[in-house]
Every structure is written in structure tokens, then in C-alpha cells.
Amino acid sequence: MSRPGSARDVALDTLRAVDAREAFLQQALESAAQKAGLDPRDRGLALELTSGVLRQQRRLDHRLAPLLRRGLEATAPAVLNVLRLAAYQLGFMDRVPARAAVHEAVVQARMVAGEGGARLVNAVLRALPQTPETLPEGETPEAVGVRLSHPDWLAALAIDRLGPAEAEALLAAHNRPAPLTVRAPGDPAATAARLTAEGATLTPCAFAPGAWHLEHRAPFATAAFAEGLFRVQDEAAQLVVHLLAPQPGDRLWDACAAPGGKSQHIVDLAHAAGRLALLSTDAHPGKVRRLAETLGRVTGLETAVHDAGEPLERTFDRVLLDAPCSGLGTLRRHPEIRWRRTPESVAELAAAQAVMIRRCADTVRPGGTLVYSVCTLTEAEGPAIVEAFLRDRPEFALDLPSPGEGGIDWGPLLGPLGIFTWPHRHDMDGFFATRLRRKA
Ligand SMILES: C[S@@+](CC[C@H](N)C(=O)[O-])C[C@H]1O[C@@H](n2cnc3c(N)ncnc32)[C@H](O)[C@@H]1O
């Protein structure tokens, strides 16, 4: 139920679909916005509202709970989302007049839950400004989790890895939007000049060569984008391809390739060098179809459906296993993931990764290279996978980059088993990536 052209109704519809696990945030928003015929500006508002509510969900619930006589659990999910949306606007957005937010929330509550719902929402939102927000103090996972709106287990994991102060910095970074990071496949200097002429501000990234943070009112409406002069790719994802360091003439395999960001990067690098032999596979046929469309017809590129947990009777010079993972390094872009993952799902993913790394390793020729990467911050899916692999496959050894390899300052990213990138330290997605060499 939504009024045509209403950003707040689209936001409410989107939150319902995300809660029901019908889709991830971006897809759910895209489909609700299309149905409602939302214009680009209102799409921006709907994205801000939904990302904001999903980021701050636990903190908003903590604020609303004392005002709900029957408690959060007994409140209908649709009404709770109306309240979260309004509480987010009142607490976190300066430019929305309070009266408009409350009025809209009451109208929405009437739409989803009748007069009773409207009365409840009206009463709670009128009481809200009179009730100061009381946040728990201290360094326990629960206190940190409420203050920075993460589940306890994830707050505990961050505290365990980084200590309480730095964990708070990481969780706070998760609650801020990610920058738009791009690279230019052709002539970077010419692209930079074109983008600047179109009103963009470009800031070179600190690590990946040729990566910029791009600021523009509507970057995807620029002529430079329409002409394919730049591609969007987070800096950490770019670094994974630099770690793979494909050389002209290499036989390459990208084992978990969809949607194709890293394969595209490999193709772009090989184009510049003039030779490509790349197999890009994914387990899901629909994703492989879209991957083939994205990459287009390129000499030397092969796409196929393949389960990376199964043997492949081929050998390669370089293999990239960008494994399916819990994605907890991408919470700035995908705020809903924090409410979906559980310690159990992390353990399941880690078990699958342990099989995949072995199957992929089997295809690496002596002297060849395997890059393993995950966009997450759990030890179980990163260093622990590599440590166990190296224990039972002595024909492989770590091959970490020297600090200046490829003109990249790897030093600050290097740990004992690979590189780590962090949103709060480096303003990029959280990745673990490592390079292994099969002894000749
Ligand atoms: C982290 S994403 C890869 C992102 C991609 N490398 C890129 O840069 O765009 C992981 C991918 O693994 C795929 N996948 C999941 N299980 C798989 C399996 N058993 N074998 C191969 N691919 C799998 C998923 O479909 C997903 O597209």
C-alpha cells in the first residue's frame, strides 16, 4: 500500500521487503521506487531513510521501547517500521520538519494498521521529544552494540579484534555512507579532465593506483559515465586485483566472478597489455548470464557455470578465489547485512571456503599464484582459512607483496597472513586478501 510518488511510502515498502528477506536493500528499493514512479531526487531521500533506519535500527528500537506500552515484540512489524522511520527523521535528520515527519507517520500507520495504529503512532511520536534518549555506558558488547546499533555478537567480534576504542571507531564508520570510488580503464588523465569539466571533484585514493573518490551531484548522469570512461569499484576490491598482478600471457581463472567487478578489472588491465586468457566462473547460471553481458565479447575471455567447491581439470598461472563470505566488510553499503548474519552462518561460510580454496589450489601450476580474498572482518573466514590451508598443503607458501610492489604502499595493510583493509582506518571496504605461491 503506497501513495504514488511518496518517498516515505517507498521507504516503508522497502523496509517491509528487507525484513521479510524478499531482497537486499538496493534491490528492494529499486523495485519499490519503480512501482511508485519515484523521481531521482525522491529516490535519494528513500535511500537515505531506509539506509538510516537499517543502520540505526537497534538504537531506534532502544529509544522507542519505553514508549510502547505493550513492548517492541508485541508491536506489529509494519507499525514498528513506521515508528522507526519517523524516529530516524526526528533524531538523525536536520532538514526534515518534525511536524511533517509525525503527520506522514500517522497517515502511514492508518494505511497499514487502521485507526488503532494511527492513534498508537501519534501517541508515541508526541511523547518522543519529551523523553530524553538514555544510552547504555561502558565497553560491554551489549552497551557498544546499542550505542552503535550492531548485534551483540558483531560488537563482541570487533572488540575482540581491535579493542573497545577502535571497535567503536569501526562500528561508527559502518554507520556512515561509503564514498563513491572509481577507476578509469582508458586514459586516467583524460578521464579526470572530463569529469572535472562536468563538475566532479576527484580525490586520489591513498593505496590503489588510478583510484579516486568521486563527488558529483549525479555521477551516473554524466556523459563520462555514459561513455564508459570510469568504472565504480571500491578501493579494497581494486587492491585484490593488484595483488593478483596479472601479467601479459597469463592463463587466469576468476573462480567466483559474478557480478564481475574484478574480472572487468583484469580485462581492463590485460587490454592495456594486449593479451588476455581469462576464465570467469560462478556457481549460479543466471549470474553467469549477466556476467557475460557485463563483460561483453572480449577476445580471450571465457565465462562458464562452475561450482568452486568442485574439481576443475585445468591449470592456470593465476587463480583468484574471491570467495562468497559474510560480507561484514561492506556494512557501509549494505547496512541490513548486520541483522541477517549470525555466528552460525559465518561458520557455514568458512566451511565452504575451506573446500573452495583447496579445489582452486589444485588448478594452480607449479610456480603459479593463488589469491584468496573475502570482504569481511571475521578471522574464521580470513586468516584462519589460510593458516589451515598452509598447514596441510606444504607445496604452497605465502607470497605477500613487498611494501612498494606495483607502486603500492602495502606496508600499512600487511598482517602476518595477508592484507587487511578497514573502513575506519582506510575509508575502504573491509577485506582480507592474501597471495599464495605454489612451489616450482
Ligand atoms: C564475493 S562475490 C564475488 C564478487 C566478484 N568477484 C566481483 O568482484 O564482482 C562471491 C560470488 O560467489 C558466488 N558463489 C557462491 N557460491 C559459489 C560456489 N560454490 N562456486 C562458485 N561461485 C559461488 C556468488 O554467486 C557470488 O557471486
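Let me sum up the structure you'll find in this document. Please read these numbers as outputs of a predicted model, since none were measured by experiment. (Residues numbered from 1 in each chain as written. Predicted model: local features only at pLDDT ≥ 70, side-chain atom pairs only at ≥ 80, totals over all residues.)

## Structural notes on the nonpolar core
Part 1: Counting residues in hydrophobic clusters, the biggest one holds 77 residues, and the most contacted among them are Val 240, Val 319, Leu 321 and Tyr 372.
Part 2: Take this core: its biggest share by element is seven residues, from helix H11 (residues 235-244).
Part 3: Lining this core are residues from two domains, each supplying at least three of them: domain 2 (181-232) and domain 3 (235-438).
Part 4: For Val 319, the residues in contact, after removing those within four places along its chain, are Trp 253, Ala 255, Cys 360, Thr 363, Val 364 and Leu 370.
Part 5: Val 10, Leu 25, Leu 83 and Leu 125 belong to the second-largest nonpolar core, a separate cluster that totals 37 residues. (Core = buried A, V, L, I, M, F, W, Y, C linked by C-beta atoms within 7 Å. Buried ≥ 20, exposed ≤ 12 C-beta atoms within 10 Å, placed from the backbone. Helix = DSSP H or I, 4+ residues; strand = E, 2+ residues; numbered from the N terminus. Domains from an automatic or database assignment. Contact = placed C-beta atoms within 7 Å.)

## As for the sheet that holds strand S4 (residues 231-232)
Part 1: Reading across from one edge, S2-S3-S1-S4 is the order of the four strands in this open sheet, with antiparallel pairing throughout. Pairing within the sheet leaves two strands with one partner each, and these edge strands are strand S2 (201-204) and S4.
Part 2: Relative to strand S3 (residues 211-215), S2 runs antiparallel, the two sharing four bridges. Paired with Thr 201 across the two strands is Glu 215, which belongs to S3. (Pairing = 2+ DSSP bridges.)

## What to know about the pairing of strand S7 (residues 301-305)
Consecutive residues of a regular strand have side chains that alternate between opposite faces of the sheet.
Part 1: In this sheet, S7 lies alongside strand S6 (residues 278-282) in parallel orientation, the contact comprising five bridges. Paired with Asp 282 across the bridge in S7 is Val 305.
Part 2: Crossover S6 to S7 through helix H13 (residues 285-295) is right-handed. (Right-handed = clockwise from strand over helix to strand, strands pointing away.)

## What about the site of the ligand?
Part 1: Neighbouring the ligand are 17 residues, the closest being Cys 256, Gly 261, Ala 283, Ala 308 and Asp 322.
Part 2: Of the residues in the shell around the ligand, the class split is eight nonpolar, four polar and five charged. (Near = placed C-beta within 6 Å. Nonpolar A, V, L, I, M, F, W, Y, C, P; charged D, E, K, R; others polar.)

## Structural notes on the packing of helix H3 (residues 40-64) against helix H4 (residues 77-92)
Part 1: Two elements in contact, H3 and H4, have axes separated by 8 Å at closest approach and are oriented at 95°. When the interaxial angle is binned, H3 and H4 end up roughly perpendicular. Listed contacts from H4 to Leu 49, Gly 52, Val 53, Gln 56, Gln 57, Leu 60, Arg 63 and Leu 64 of H3 are Leu 83, Arg 84, Leu 85, Ala 87, Tyr 88 and Phe 92.
Part 2: Residues belonging to the contact of H3 with H4 are distributed by class as follows: nine nonpolar, three polar and two charged. (Axes fitted to C-alpha atoms, helices over the stretch in contact; angles between N-to-C directions. Parallel < 35°, antiparallel > 145°, perpendicular 65-115°, else oblique.)

## A look at helix H5 (residues 98-127)
Part 1: For H5, with 30 residues, the first-to-last C-alpha span of 13 Å runs short of the 44 Å given by 1.5 Å per residue.
Part 2: Along H5, the largest kink reaches about 145° and is centred on Ala 113.
Part 3: For H5, the set of buried residues is Val 102, Glu 104, Ala 105, Gln 108, Ala 109, Val 112, Gly 117, Ala 118, Leu 120, Val 121, Val 124 and Leu 125.
Part 4: Residues of H5 that are buried sit in contact with helix H1 (7-19), H3 and H4. (Expected span 1.5 Å × (residues − 1). Bend = angle between axes of the 7 residues up to and from the residue.)

## Side note on the pairing of strand S12 (residues 431-438)
Part 1: Of all eight residues in S12, seven are buried, a share of seventy percent or more.
Part 2: Where strand S10 (residues 396-398) lies against S12, three bridges are found, and the strand directions are antiparallel. Bridging across to S12, Phe 396 finds its partner in Arg 438.

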